Amino acid sequence: METQTAISNKTTQQDFLPLEGTDFVEFYVGNAKQAAHFYRTVMGFQPLAYCGPETGDRDKVSYVLRQNKVQFMFTTPLHSNHPIADHIHRHGDGIKVLALRVPDAASAWEETTQRGGKSFLEPKAMEDEHGKVVLSGIHTYGEVIHLFVERKDYKGAFLPGFQPWNTPYFHTEETGLLYIDHCVGNVGWNQMNPWVKFYEEVMGFRNILSFDDKDISTEYSALMSKVMSNGNGYVKFPINEPAEGKKKSQVEEYLEYYDGEGVQHVALATADIVHTVTQLRNRGMEFLRVPNSYYDDLESRVGKIDEDIAPLRELGILVDRDDEGYLLQLFSKPVEDRPTLFFEIIQRKGAKSFGKGNFKALFEAIEREQGLRGNL
Ligand code: FE2
């Protein structure tokens, strides 16, 4: 059963880990040059910064792309004995770092590690002619890291050690992606509640929504999910674990192919989902399809909406309503050959929820893909 915890307006308890939002997401990939090209060409990200041998980094290269508030970094090791090569060997391409912007990275590290967070990086100041950045970090589920980024005293493009990345001979239009709405983690059997506890106790998050296997199940497979949010709601991390069904859960398929726990999807917000999805589709991004019959009784399910139904049906965009409004959303197919990470495109029109009314249609669409892979 879905359960929702009311968010209290009282701020009697001080937030020990104030977050200003997601700073960047770092992907470890086999070929950062080509991955960056995909995110520019297909998703409309713009070049921002680069580091590699030319900037004094002898062991790896990183390309940083930005679209509005979304910053993605793609990193590849240059040698087989680099630890990042082990990560790629095990997981394929995937997300390593969910970096969070903080007013004080030293305090963020102290507050979280003294509550049981496992240190990844002790507070470290980095400077160049544009100012100072302080980084620190802790481990979370799988091999994923939360970096804390304090950049209030920095005026450069990205971070010290990076040079601006300019490629004047090639330009792609943005697709209207604005900010990261939420990032979902897939964890192993019976691991959802321990990680919920981690986000509550170590990072001061609250469990704002819970879905059990009755909410998220089809005839064949199931999963459970709890949505964790920081105090101001800027950072939301739903955590999924597989549940028993007649056939294999999509979370199990992920865990098998990623060879462990990791980030399942990143939801990117847009203010015009019809425009954004049209752009993405025309440039070659692949999305899940629900049956056409989904649209036949759409209005009776979600009520009046501002958008015409025809383009939503044409693009396969889903709609759901909650007490506060509605949302439009769509899931991409995995963006690697392994059935692991994918993206969600979301437009919120008042709704603060996650599309519970679409779970069944969506997960049946995922199952059809799983079946085609022979993994159901
Ligand atoms: Fe999502």
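Use the structure listed above.
Residues numbered from 1 in each chain as written. Predicted model: local features only at pLDDT ≥ 70, side-chain atom pairs only at ≥ 80, totals over all residues. Heavy atoms only, no water.

## Remarks on the pairing of strand β3 (residues 46-51)
Inclusion rule: With a 1.4 Å probe rolled over the protein chains alone, any residue whose accessible area is under 20% of its type maximum counts as buried; one over 50% counts as exposed, and the rest are partly exposed. Each helix is a run of DSSP H or I of at least 4 residues and each strand a run of E of at least 2, with the numbering of both proceeding from the N terminus. The pairing criterion is simple: DSSP has to find at least two bridges between the two strands.
Taken across its 6 residues, β3 has 5 buried, putting it largely inside the fold. One ladder, built from 5 bridges, connects β3 with strand β4 (residues 60-67); its direction is antiparallel. Its bridge partner being in β4, Pro47 is matched across the sheet by Leu65.

## Some remarks on helix α3 (residues 105-113)
Our working definition: The arc in question is the one traced by the directions running from the helix axis out to the C-beta atoms. Note on contacts: a residue pair qualifies if any of its non-hydrogen atoms lie within 4.5 Å across the two residues. The term polar contact refers here to a pair of N or O atoms within 3.5 Å; inside protein, the definition further demands a hydrogen-donor-capable atom paired with an acceptor-capable atom, and it admits residues adjacent in sequence only when both atoms are side-chain atoms.
All of the buried residues in α3 are Ala105, Ala108, Trp109 and Thr112. Angularly, the buried residues of α3 cover 95° about the axis, an arc narrow enough to put them on a single face. Buried residues belonging to α3 abut β7 (119-128), β8 (131-139) and β9 (145-150). Near the N-terminus of α3, the side chain that reaches the backbone nitrogen of Ala106, with its oxygen 3.1 Å away, is that of Asp104.

## Remarks on helix α4 (residues 192-201)
Turning to α4, its buried residues are Met192, Trp195, Val196, Phe198 and Tyr199. What you see down the axis of α4 is that its buried residues fit within an arc of 155°, all on one side. Where α4 is buried, its residues contact β8, β9, β13 (222-229) and β14 (236-243).

## Examining the environment of Ala106
Here Ala106 shows up in helix α3. Of the residues examined, Ala106 reaches a relative accessible area of 26% and is grouped as partly exposed. For the pair Ala106 and Val134, spaced 28 residues apart in the sequence, the C-alpha separation amounts to 7.6 Å. When neighbours within four sequence positions are excluded, Ala106 is seen to be in contact with Pro123 and Glu150.

## With respect to the packing of aromatic side chains
Convention followed: Pairing of aromatic rings covers Phe, Tyr and Trp, the last through its six-membered ring, and needs centres within 6.5 Å; plane angles under 30 degrees mean stacked, over 60 mean edge-to-face, and all others mean tilted. Throughout this description, the term charge over a ring refers to an Arg CZ or Lys NZ atom that lies within 6 Å of the ring centre and within 35 degrees of the ring normal.
Taken as a whole, this structure holds 26 aromatic pairs when the rule is applied. Ring centres 4.7 Å apart and planes at 25° place the aromatic pair Phe27 and Phe74 in the stacked group. With Phe27 in strand β2 (residues 21-28) and Phe74 in strand β5 (residues 70-77), this pair connects stretches of sequence that are 47 residues apart. Given a relative accessible area of 0%, Phe74 falls into the buried group. Among the aromatic residues, those joined into a cluster by ring pairs are Phe27, Phe38, Tyr39, Phe45, Phe72, Phe74 and Phe343. Here the guanidinium or amino end of Arg301 rests over the ring plane of Tyr294, the centre of that ring lying 4.5 Å away. The positively charged end of Arg348 is found above the aromatic ring belonging to Phe354, 5.3 Å away from the centroid.

## Details of the sheet that holds β3
Strands sit in the order β7-β8-β9-β6-β2-β5-β4-β3-β10 across an open sheet of 9 strands; the sheet is mixed. This sheet does not close on itself; its edge strands, each paired only once, are β7 and β10 (163-164). Note: β3 against β10, 2 bridges, orientation antiparallel. Bridge pairing links Ala49 to Pro164 in β10.

## Focus on the pattern of salt bridges
What counts here: Think of a salt bridge as a Lys or Arg side-chain nitrogen and an Asp or Glu carboxyl oxygen that are within 4 Å of each other.
By the definition in use, this model includes 19 salt bridges. Here Arg373 and Glu253 are joined by a salt bridge, their closest N and O atoms 2.9 Å apart. With a gap of 120 residues between them, Arg373 in the segment after α9 (359-372) and Glu253 in helix α5 (residues 250-258) connect regions that are remote in the sequence. The network of salt bridges with common partners includes Asp23, Arg101 and Arg151.

## Comments concerning the pairing of β14
Among the 8 residues that make up β14, 8 are buried, leaving the element largely enclosed by the rest of the structure. Alignment of β13 against β14, held across 8 bridges, turns out to be antiparallel. Residue pairing in the sheet places Ser225 in a bridge with Asn240 of β14. Hairpin connection, β13 to β14: the antiparallel pair is bridged by 6 residues, and Gly233 has positive phi, about 80°.

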